[in-house]
Amino acid sequence: MINVIFDMDGTLIDSANAIICAVNEIRADLNLEPLKREFILDTINTPGQNYAKIFYGVDTYSHTSFKEGYEKYFIKHYDQSVVLFDGVLEVLEFCKKNDCYLAIATNAPQESLIPILKKQNILSYFDKILGVSYGIEAKPDPMMLRLIADEAKYEKSIFIGDSLKDRLCAKNAKMDYIHISWQKEIKDLDEANDKTTLIEKIQTYIKG
């Protein structure tokens with residue numbers, strides 16, 4: 001058996017609209033013009049960006065997450081528009097039926113995770129959830145993956161994500177990786193684009 005570690009936003013939860021609306025509402029309150037959807041998503045998924053400078057025009061910002069300090073905006077929009085990707089429940093059920101150890105490693109703030117996962121009715125599937133908090137570095141730093149793998153049930157772990165940060169995080173942790181691009185064209189061998197292809201790839205690791 002294996003440990004299956006998931007990213008959250010963009011992997012399990014379709015939060016793109018919520019993030020875009022929250023960022024642009026913050027900008028509106030700061031008297032800034034709205035940013036385009038593609039620009040916001042590309043920026044979020046690119047490592048090493050000064051998110052506060054890019055999104056909010058803030059020169060000095062001590063947090064690695066663009067959500068820190070603006071949580072109320074993201075909580076509001078998460079409550080309004082976040083949904084699971086089609087097929088996520090079937091993937092989680094498959095993993096549980098195969099006795100996988102399930103975990104989440106996300107750059108979302110740790111304190112936000114339980115309410116989000118409860119609202120989507122998937123909290124009970126996970127043995128461990130880990131987000132950014134004091135002393136926990138954000139991806140692509142491998143800290144979260146290593147911490148989860150160290151206490152997980154099995155020796156073998158895989159990480160499932162949707163961004164360059166996730167891919168680099170797995171590489172930095174020397175962990176196998178599956179890239180999920182929901183309903184998009186598959187371009188690389190490690191990619192899946194729906195529940196069927198994702199389950200098939202997970203099954204390959206289970207069988208060893």
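Now for a look at the structure at hand. Nothing here was measured: the structure is a model prediction, and the numbers come from that model.

1. Thoughts on the pairing of strand β7 (residues 176-180)
So, point 1. The buried fraction of β7 amounts to four of the five residues, a majority that puts the element mostly inside the structure.
So, point 2. In this sheet, β7 lies alongside strand β6 (residues 157-161) in parallel orientation, the contact comprising four bridges. Residue G161 lies in a different strand from β7, and its bridge partner there is H179.
So, point 3. Taking the sense of rotation as the criterion, the β-α-β connection linking β6, helix α8 (residues 164-173) and β7 turns out right-handed.
So, point 4. As paired elements, β7 and strand β8 (residues 191-192) share two bridges and run parallel to each other. Residue I180 lies in a different strand from β8, and its bridge partner there is A192.

2. Some thoughts on the sheet that holds β6
So, point 1. Pairing within the open sheet is parallel, and its six strands lie in the order β5-β4-β1-β6-β7-β8. Looking along the sheet, the strands with just one partner apiece sit at the ends: β5 (128-132) and β8.
So, point 2. Across the face of the sheet, helix α5 (residues 88-97) comes into contact with β1 (3-6) and β4 (101-109) while running at roughly 160° to β1.
So, point 3. Its contacts with the sheet put α8 on β4, β6, β7 and β8, and the angle it makes with β7 is roughly 170°.

3. Structural notes on unusual backbone geometry
So, point 1. Of note, the bond from K139 into P140 is cis; its omega dihedral lies within 30 degrees of zero at 15°.
So, point 2. Relative to the helices and strands, P140 is located in the loop between β5 and α7 (143-151).
So, point 3. Phi at N31 takes a positive value of approximately 60°, unusual for a residue other than glycine.
So, point 4. Along the chain, the position of N31 falls in the loop between α1 (16-29) and α2 (37-44).
So, point 5. We note that N121 has phi near 60°; this positive angle belongs to a residue other than glycine.
So, point 6. Within the element layout of this structure, N121 appears in the loop between α6 (110-119) and β5.
So, point 7. Overall, N121 belongs to the exposed group, its relative accessible area being 62%.

4. Thoughts on α5
So, point 1. When we look at burial in α5, the residues that qualify are V88, V91, L92, F94 and C95. Take α5 and look down its axis: the buried residues cluster within an arc of 155°, on one side only.
So, point 2. Directly beyond the C-terminal end of α5, a positive phi value near 60° is found at D99.

5. Focus on the packing of aromatic side chains
So, point 1. Applying the stated rule across the entire model yields seven aromatic pairs.
So, point 2. A ring pair is formed by F159 and Y177, whose centres lie 6.0 Å apart and whose planes are at 45°; its orientation type is tilted. Of the two residues, F159 sits in strand β6 while Y177 sits in strand β7, which places them 18 residues apart along the sequence. In terms of burial, F159 and Y177 fall into one category: buried.
So, point 3. Counting every residue linked through ring pairs, the aromatic cluster contains Y51, F55, Y56, Y70 and Y73.

6. Structural notes on the environment of V82
So, point 1. Among the structural elements, V82 can be located in the loop between α4 (71-81) and β3 (83-84).
So, point 2. For V82 and A16, which are 66 residues apart along the polypeptide, the C-alpha to C-alpha distance reads 8.0 Å.
So, point 3. With residues up to four places along the chain from it excluded, the contact list for V82 reads I13, D14, S15, A18, H77 and Q120.

Rules of the game
Residues numbered from 1 in each chain as written. Predicted model: local features only at pLDDT ≥ 70, side-chain atom pairs only at ≥ 80, totals over all residues. Heavy atoms only, no water. Buried < 20%, exposed > 50% of the residue type's maximum accessible area, 1.4 Å probe, protein only. Helix = DSSP H or I, 4+ residues; strand = E, 2+ residues; numbered from the N terminus. Pairing = 2+ DSSP bridges. Right-handed = clockwise from strand over helix to strand, strands pointing away. Contact = heavy atoms within 4.5 Å. Axes fitted to C-alpha atoms, helices over the stretch in contact; angles between N-to-C directions. Arc of directions from axis to C-beta. Phe/Tyr/Trp six-rings, centres within 6.5 Å; stacked < 30°, edge-to-face > 60°.

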